[in-house]
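What follows is each chain in one-letter form.
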Amino acid sequence: PAPPRHALRGGAISFRADPFLSDPAEALEHWPDALLVIENGHIASIGPYSPEAAAGLPVTHHPEALLCPGFVDTHVHYPQTGMIGAYGEQLLAWLERYTFPAELEFADPEHAARVARLFLRELLAAGTTTAAVFCTVHAASVEAFFAESARLNTRMIAGKVLMDRNAPPGLLDGPGHGIPESEALLLRWHGRGRQLYAVTPRFAPTSTPAQLQAAGRLWRAHPGSYMQTHIAENTAEVDWVRELFPEASDYLDVYHRAGLTGPRALFGHGIHLSEGALCRCHQTGSALAHCPTSNLFLGSGLFRVFAAKRADRPVRVGLGSDLGAGTSFSALRTMGEAYKVAQLNGDGLSALHAFYLATLGGAEALALENRIGRLAPGYEADIVVLDPQATPLLRFRTARCRDLAEKLFVLMTLGDERVVRATYVAGSRILTGTAQAGPS
Ligand code: GUN
Ligand code: ZN
């Protein structure tokens, strides 16, 4: 275990504000050579390195590297680890053909434990220290995930998927079972150490109106808990929801009527949302997860991040890998694809926008911006150490960058897990290269 008080030295970046809403150069803090002091898992101080400031402290020096807040993945499915890269379908057929069969395997708790271990190790190896995670309908899948996350001491949000229609029988909640099972898991795990619970109706088509209403009541009965689901990802899905819920004015209204909007409500995708729905996300404090690698992989469409973040009614937006529809654990890869999606929309997503979305923006989407997502005193010491010279190509390319913004942009264009030199969770370095990831 790390000593109670120790320090990291290296370049460092962190956001103090939202670059979509203020001058990006002002929003970014940069220390060319920082000393970051960690005490009992929290950041005690950060400032320019000096021998005096470091006196008496064990210092781990990461020369040429960049300390960055641990990345935040606001939407991901751990049970889909075994089916990443499933060929040839769009959302609804992809769910039937690949996703549901993979999730059926989680009836076996040992399988769940094995995948949870692999998934969290991969996530940390990519520098992601917090995620909002879908489990499966099986309570044991949630138990396995939180048990592993608790062992690693990672700050994770997760929940049992709720489904009571339009899925294989082995993946449906028994009549009246889904909500009490969810509540028991919530009571057991929400706020235990760093674990947080999310009430998790998969999406409107797989829950009856009664289950959605009950999910809303459960969520509201436990202030501080989360709600996560999917919205407006694919046009065939949107048409189906219109047929299933003719009384609702639009897709978001289905959730709103069930009491499933508000702060700590996390909606994956939101590609095909109207201006009115974006306004309602803003008004209610609901958050959207932008999942570019998934949206491109499933051919779902192009999320308009600048429309969502419009300054007169900004919606909270984080980045999501959305594995296994998404194709990479790496937040850097996700940022690189977010840039390309913005290009296809005619928008310019700078490195500062992208790094913000992957750190403080994600934390704001999760209403955790006072605990994670920044390098600042009092914050939890979840830190990724990025090496802009990790490969011969990166070394060659980075040497030609004129400033920090260019260097960060090259990192999100060429970088991936290879760039992650170290990951710290609550101040302890996590070793991800070994068979069993764990605190060193
Ligand atoms: N919509 C409902 N379930 C899912 C899922 O597992 N993945 C994605 N990408 N979209 C969904
Ligand atoms: Zn998803």
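Residues numbered from 1 in each chain as written. Chains lettered and ligands numbered in written order. Predicted model: local features only at pLDDT ≥ 70, side-chain atom pairs only at ≥ 80, totals over all residues.

Novice: Which residues make up the UniProt feature "domain: Amidohydrolase-related" (unreviewed entry) in the protein, and what values do they have?
Specialist: Residues annotated in UniProt with the feature "domain: Amidohydrolase-related" (unreviewed entry) correspond here to residues 67-427. Secondary structure content for residues 67-427 is 43% helix and 17% strand, and the end C-alpha separation is 13 Å. (UniProt positions renumbered as here; feature names shortened; annotations may be inferred. Helix = DSSP H or I, 4+ residues; strand = E, 2+ residues; numbered from the N terminus.)

Novice: Which residues make up the domain arrangement of the protein, and what are the values?
Specialist: As assigned here, the protein comprises domain 1 (5-70 + 374-439) and domain 2 (71-365). Taking only C-alpha atoms into account, the centre of domain 1 sits 27 Å from that of domain 2. Counting from both sides, the interface comprises 35 residues of domain 1 and, opposite them, 34 residues of domain 2. When residues of the side of domain 1 that touches domain 2 are traced back to their parent elements, those giving at least two are β1 (5-15), α1 (24-27), β4 (59-69), α16 (404-414), β15 (420-425) and β17 (438-439). Ranked by the residues each element gives to the side of domain 1 that touches domain 2, the list is headed by α16, at six residues. Its residues placed into classes, the side of domain 1 that touches domain 2 shows 23 nonpolar, six polar and six charged. (Domains from an automatic or database assignment. Contact = placed C-beta atoms within 7 Å. Nonpolar A, V, L, I, M, F, W, Y, C, P; charged D, E, K, R; others polar.)

Novice: Talk me through unusual backbone geometry; I want residue IDs and the actual numbers.
Specialist: For the peptide bond that leads from Leu-323 to Gly-324, omega is -5°, which places it in the cis range. Within the fold, Gly-324 resides in the loop between β13 (316-319) and α13 (331-344). Although it is not a glycine, Asn-153 adopts a positive phi angle of roughly 65°. With respect to the helices, strands and loops of the structure, Asn-153 is situated in the loop between α5 (139-152) and β7 (155-159). Taking the number of C-beta atoms within 10 Å as the measure of exposure, Asn-153 has 20 and is therefore buried. (Buried ≥ 20, exposed ≤ 12 C-beta atoms within 10 Å, placed from the backbone.)

Novice: Give a detailed account of the pairing of strand β2 (residues 28-39), specifying residues and quantitative values.
Specialist: Inspection of the sheet shows β1 paired to β2 by 10 bridges, in the antiparallel sense. Paired with Ser-14 across the bridge in β2 is Glu-29. Relative to strand β3 (residues 42-48), β2 is paired through six bridges, and the arrangement is antiparallel. If you follow Ile-38 over to β3, its bridge partner there is Ile-43. Where β2 hands over to β3, the hairpin turn is made up of two residues, of which Asn-40 adopts a positive phi near 50°. (Pairing = 2+ DSSP bridges.)

Novice: Go over α5 with me, naming the residues and quoting the values.
Specialist: Along an α-helix, residues three or four apart share an orientation, since each turn contains 3.6 residues. With 14 residues, α5 extends 20 Å between its outermost C-alpha atoms, agreeing within 8% with the 20 Å of an ideal straight helix rising 1.5 Å per residue. What α5 keeps buried is the set Ser-141, Val-142, Ala-144, Phe-145, Phe-146, Glu-148, Ser-149 and Leu-152. Once α5 ends, the next one or two residues include Asn-153, with phi positive near 65°. (Expected span 1.5 Å × (residues − 1).)

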